[in-house]
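Structural characterization, general
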Amino acid sequence: MKRMSSIFKRDMSSSVRDFLIIYMIIAPILLAIGLKFFIPSATSATLQFAIDKGVGDRVVEEFEKYGNVEIYSSGKELENRVNKIDDIAGITLNDEGNFKIILEGNESHDTKEIPLKIIRSLTSKDKLGVNYVVEDIGITMSPIAWIGGISIIMTAIAIGGILIGLNIIEEKESGTIMALNVSPMKRVEFILGKSIIGILIPIVDVFIILGVLNMLNVDLIMVLTMTLVSSIIGVVIGFLMGITSPNQIAGIANMKVLFLIVGISIVGAVLLPKTKHFLLYWAPTYWSFMGFKGILLKTITWQQLGSYIVWILVLTALIFLLFKKKIRKGLA
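Overview of the structure. Residue positions are given per chain, counted from 1 along the sequence in the order it is written. Confidence filtering applies because this is a predicted model: local features only for residues at pLDDT of at least 70, side-chain atom pairs given and counted only at 80 or more, and all residues used for totals across whole chains, interfaces and linings. As a rule here, side-chain values cover all heavy atoms of the structure and leave hydrogens and water aside.

Attention now moves to the overall build of the protein. Numbering of helices and strands runs from the N terminus; a helix is a DSSP stretch of H or I covering at least four residues, while a strand is a stretch of E covering at least two. Assigned secondary structure in the protein consists of 13 helices and five strands. Of all 332 residues assigned to the protein, the portion counted as buried reaches 48%. Sequence separation of at least 24 residues holds for 71% of the intrachain contacts in the protein that already meet a minimum separation of 6. To be clear on the numbers: accessible area is Shrake-Rupley with a 1.4 Å probe, and residue cover counts the displayed protein chains and nothing else. Element-wise, carbon and sulfur atoms account for 64% of the exposed surface of the protein, whose accessible area totals about 16,600 Å². For each residue, the accessible area found with a 1.4 Å probe, counting protein chains only, is set against the maximum for its type, and the residue is called buried under 20%, exposed over 50%, and partly exposed in between. In this analysis, two residues are considered to be in contact whenever any of their non-hydrogen atoms come within 4.5 Å of each other.

So, on to empty space enclosed by the protein. Using only the protein atoms, space was sampled on a 1 Å grid; points where a 1.4 Å probe fits but cannot get out form cavities, open sets with protein on both sides within 12 Å along at least five of seven lines form pockets, and lining residues are those with an atom within 4 Å of a point. Grid points are joined across faces, edges and corners, and a volume is the space filled by probe spheres set on the points. As enumerated under the stated definition, the model contains one cavity of 30 Å³ or more in all. Looking at the largest cavity, the residues that line it are M154, I157, A158, S230, I233, G234, I237, L258, V262, T285 and S288. Per element, the largest residue contribution to the lining of the largest cavity is four residues, and it comes from helix α9 (residues 220-244).

Right, let's talk about the packing of helix α6 (residues 143-174) against helix α10 (residues 248-271) for a bit. Orientation is described by axes fitted as lines to C-alpha atoms, over the contacting stretch for helices, and by angles from 0 to 180 degrees between their N-to-C directions. In the contact formed by α6 and α10, the axes pass within 10 Å of each other and the chain directions differ by 160 degrees. The pairing of α6 with α10 is recorded here as roughly antiparallel in orientation. As α6 packs across α10, the resulting crossing turns out to be right-handed. The segment α6 lies against α10, with I147, S151, M154, T155, A158, I159, I162, L166, I169, E170 and E173 engaging Q248, G251, M255, L258, F259, V262, I266 and V270. Residues that form the contact of α6 with α10 fall into these classes: 13 nonpolar, four polar and two charged. Should an angle lie under 35 degrees it is considered roughly parallel, over 145 roughly antiparallel, and from 65 to 115 roughly perpendicular; all remaining angles are considered oblique. In a left-handed crossing the near helix is turned counterclockwise from the far helix by less than a right angle, and in a right-handed crossing that turn is clockwise. When residues are sorted by character, Ala, Val, Leu, Ile, Met, Phe, Trp, Tyr, Cys and Pro go into the nonpolar class, Asp, Glu, Lys and Arg into the charged class, and all the rest, Gly among them, into the polar class.

Further remarks concern the packing of α9 against α10. Contact geometry of α9 with α10 gives a least axis separation of 9 Å together with a crossing angle of 150 degrees. In this view, α9 runs roughly antiparallel relative to α10, as classed from their interaxial angle. The way α9 lies across α10 gives a crossing that is right-handed. Every residue of α10 that contacts α9 at I237, M241 and T244 is listed here: G251, N254, M255 and L258.

On to the side chain of N94. Residue placement: N94 occurs in the loop between β3 (89-93) and β4 (99-103). Residue N94 is classed as buried on the basis of its relative accessible area, which comes to 18%.

We now examine a nonpolar patch on the surface. A patch consists of residues exposed above 30% relative accessible area that lack any salt bridge, with like charges linked at up to 9 Å and nonpolar side chains (Val, Leu, Ile, Met, Phe, Trp, Tyr) linked at up to 5 Å. A side-chain nitrogen of Lys or Arg and a carboxyl oxygen of Asp or Glu constitute a salt bridge if their distance falls within 4 Å. A cluster of nonpolar residues, I22, I26, L30, I33 and F37, forms a patch on the protein surface that exposes about 490 Å² of accessible area. With respect to the helices and strands, the residue L30 is situated in helix α2 (residues 20-42). Exposure remark for L30: the relative accessible area of 52% places this residue in the exposed category.

Moving on to helix α11 (residues 284-296). Expected span of a helix, by definition, is 1.5 Å for each gap between consecutive residues, and there is one gap fewer than residues. With 13 residues, α11 ought to run about 18 Å at 1.5 Å a step, and its terminal C-alpha atoms sit 19 Å apart, in line with that. Counted residue by residue, α11 has twelve buried out of 13 residues, so it is predominantly covered. Along α11, the residues classified as buried are P284, T285, Y286, W287, S288, F289, M290, G291, F292, G294, I295 and L296. Structurally, α11 contributes buried residues whose contacts are with α6, α8 (187-212), α9, α10 and α12 (302-322). K298, located one to two residues past α11, shows a positive phi value of around 60 degrees.

The subject of this paragraph is the layout of surface pockets. By rolling a water-sized probe across the atoms, one finds the places where empty space is left. By volume, the second largest pocket amounts to about 300 Å³. Residue lining of the second largest pocket: 16 residues in total, with I237, L240, V257, I261 and F323 positioned closest to the centre. If you list the elements that add at least two residues to the lining of the second largest pocket, you get α9, α10 and α11. Looking at which element gives the most residues to the lining of the second largest pocket, the answer is α9, with five residues.

Moving on to the pattern of salt bridges. Summed over all chains, the structure comprises one salt bridge. Notably, a salt bridge pairs E70 with R81, separated by 2.8 Å at the nearest N-O pair. Here E70, found in strand β2 (residues 68-72), pairs with R81, found in helix α4 (residues 75-82); they are eleven residues apart in sequence, far enough to count as distant. Overall, the relative accessible area of 9% leaves R81 in the buried class.

Here we take up the pairing of β2. Strand residues, when the strand is regular, have side chains that alternate between the two faces of the sheet. By the bridge criterion, five bridges tie strand β1 (residues 48-52) to β2 in an arrangement that is parallel. Each bridged residue has a counterpart across the sheet, and for A50 the counterpart in β2 is E70. By convention, a crossover is right-handed whenever its connection, traced from the first strand over the helix to the second and viewed with the strands pointing away, goes clockwise. Traced from β1 through helix α3 (residues 57-64) to β2, the parallel crossover comes out right-handed. DSSP bridges decide pairing: two strands pair if at least two such bridges lie between them.

We now examine the nonpolar core. Residues grouped as a nonpolar core are buried Ala, Val, Leu, Ile, Met, Phe, Trp, Tyr and Cys residues, joined through side-chain atoms within 4.5 Å. Ranked by size, the top nonpolar core spans 61 residues in total, and within it M226, F289 and I295 carry the most contacts. Those elements that place two or more of their residues in this core are α2, α6, α8, α9, α10, α11 and α12. At 17 residues, the largest contribution of residues to this core is made by α6. Apart from residues no more than four positions distant in its own chain, I295 is found in contact with V218, D219, M222, V223, M226, I300 and L305. Formed by 16 residues, the second largest nonpolar core is a distinct cluster that contains A89, L103, L116 and L122.

Structure follows, in structure tokens:
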């Protein structure tokens, strides 16, 4: 334990000396602050309406006065459109012939209220013998908030691994690793000692990010659990980055590959339909994204979270076993 603590202190000292750790901690927090300023402006864009063509041309023309209108031929297509990540309200008729407003549940105040006012105006002006109902089919948080928040969280986790990689590269260049190989320190102690910084930084960052974005009203034990497990991904990739990079410039180039993997997981999980998500099952970062999504949207149970954790641990273990010899050789 004392040797592992010494490695951690040395990594912290080295990083602070180069202002690296300060930048690594602050960068995701600054991104979160920027996102917080961006969220209100994003919800103030032009209103959008998805309308079932069965409501009639008169209704379509009325909604076109207030925003962009998209026409759909079936209720299923309309509901799928409402479920996408942007802010849009669906207008259709139910079986009784009454207007039905379909909302995902995370829309802005205007997107929720203006369709009601338009329909009230229509029914009052034309004295139509119809009523309306509102159907909430989704989540209670802006998609910009939860997608952006999870993206920054995943960035913070990746940064923890990158810091491990950069410290290993520095020790390779200075010859410290060769000196450690002839010391009483075991390789396991070295690996665990190096991993501490890659786990602590994401934990600190994640809770600060959630605080900045006003998202601390979630299950914090779930957040801590998912952060700890997800940090293992960063640790493994950080070691791979460190042992495969002969110098800092090569390390920065390999860092881009790490962010590419994280980016593919996030973009794929958001844009691909659920029926195509199996294409992302190979990436442990995909399961991290899905876990944090469920936590922030409060739609996940401990049983579901446990299944995501198993996927992360199994896939990360396979990556480690695949590159085990390379890691051992790089630390020799």
